[in-house]
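# Observations on the three-dimensional arrangement
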Amino acid sequence: MIRIKTEEQIDGIRKSCHLTADMFNEIIPKIHAGMSTWEIDQMFKKFIISHGATPAWYKEDFPGAVCISINEQVIHGIPSKKKIVKSGDLVSLDVGIDLNGYISDTTHSLLIGDVKPEVRELQRVTEECLRAGIAACVAGNRIRDIADAVYEIADKHGYGVVYDYCGHGVGLDVHEDPSIPNCPFRGANPRIKPGMVLAIEPMINLGVPDVETLDDDWTVVTCDGKVSCHEEHTVAVFADHTEVLTDLNYKN
């Protein structure tokens, strides 16, 4: 069931999302080659708890505050003291905050040091896919319009679009209906309505679209070992516009 949020609920979700944006703006400049993913996770955890909130991923029993996925890791990378960020890495940081029962969800992929041109281009195109998906997320359209917008751009560049995982509703729980694929699909295709709060999140691979899950039952990797990029925003749909709640440059 798709939850249509009230103005009061959207305001609570907005506060959670703005706190998430503040967190990224503070922490991104501190991330560098030589750090472990555990150290990065601890920075996010400290920020979240110090602001009276809880890491949203704890609701999913994930063993960390942040999913930190590097290079061929698509999503759900587990923070580890043994996993060290290196120059040339693409690092995706998937974070949500539970602030007074209201959930945010966003992902930013960082380029660390001297990154190969093809990886830099992958990140640029993934960001373009996200913008296109958001532009298609307006009242009156359908979920498939978002999927088509994302897929068209990624496919034009010859990239693999992950089909096993997708965006989703969010706000009162970490994962809500509807599912929001990033590629053409069959089946339910709900109309986008005012009051929907959605997490739009392209996951785009440099190579094939196929992925698999490692033995830790969390980390998803590309089947061909090539780099993947993940970008995500939480948006709220209104009758006359769509607001990117997790925009790092939000204005109160």
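Remember, predicted model here, so these are calculated numbers, not experimental data. (Residues numbered from 1 in each chain as written. Predicted model: local features only at pLDDT ≥ 70, side-chain atom pairs only at ≥ 80, totals over all residues. Heavy atoms only, no water.)

The next subject is the sheet that holds strand β6 (residues 102–103). Spatially, β1-β5-β6 is the arrangement adopted by the 3 strands of the open sheet, whose pairing is antiparallel. This sheet does not close on itself; its edge strands, each paired only once, are β1 (54–55) and β6. Pairing analysis gives 2 bridges linking β1 to strand β5 (residues 97–99), with the strands arranged antiparallel. Bridge pairing links Pro-55 to Ile-97 in β5. (Pairing = 2+ DSSP bridges. Helix = DSSP H or I, 4+ residues; strand = E, 2+ residues; numbered from the N terminus.)

Let's shift gears to the sheet that holds strand β10 (residues 176–180). Pairing within the open sheet is antiparallel, and its 5 strands lie in the order β10-β9-β11-β16-β17. Each end of this open sheet is capped by a strand with a single partner; those strands are β10 and β17 (242–244). Going from strand to strand, the sheet's axes swing by 25 degrees on average, the running direction of each strand aside. Sheet topology places strand β9 (residues 167–169) next to β10; 3 bridges connect them, and they run antiparallel. (Axes fitted to C-alpha atoms, helices over the stretch in contact; angles between N-to-C directions.)

With their axes 8 Å apart at the nearest point, helix α3 (residues 117–136) and helix α4 (residues 143–156) run at an angle of 155 degrees to one another. Classified by the angle their axes make, α3 and α4 are roughly antiparallel. As α3 packs across α4, the resulting crossing turns out to be right-handed. Side by side, α3 and α4 meet where Val-125, Glu-128, Cys-129, Ala-132, Gly-133 and Ala-136 of the first sit next to Asp-145, Ile-146, Ala-149, Val-150, Ile-153 and Ala-154 of the second. When the residues that make up the contact of α3 with α4 are grouped by side-chain class, the tally is 9 nonpolar, 1 polar and 2 charged. (Parallel < 35°, antiparallel > 145°, perpendicular 65-115°, else oblique. Left-handed = near helix turned anticlockwise from the far one by under 90°. Contact = heavy atoms within 4.5 Å. Nonpolar A, V, L, I, M, F, W, Y, C, P; charged D, E, K, R; others polar.)

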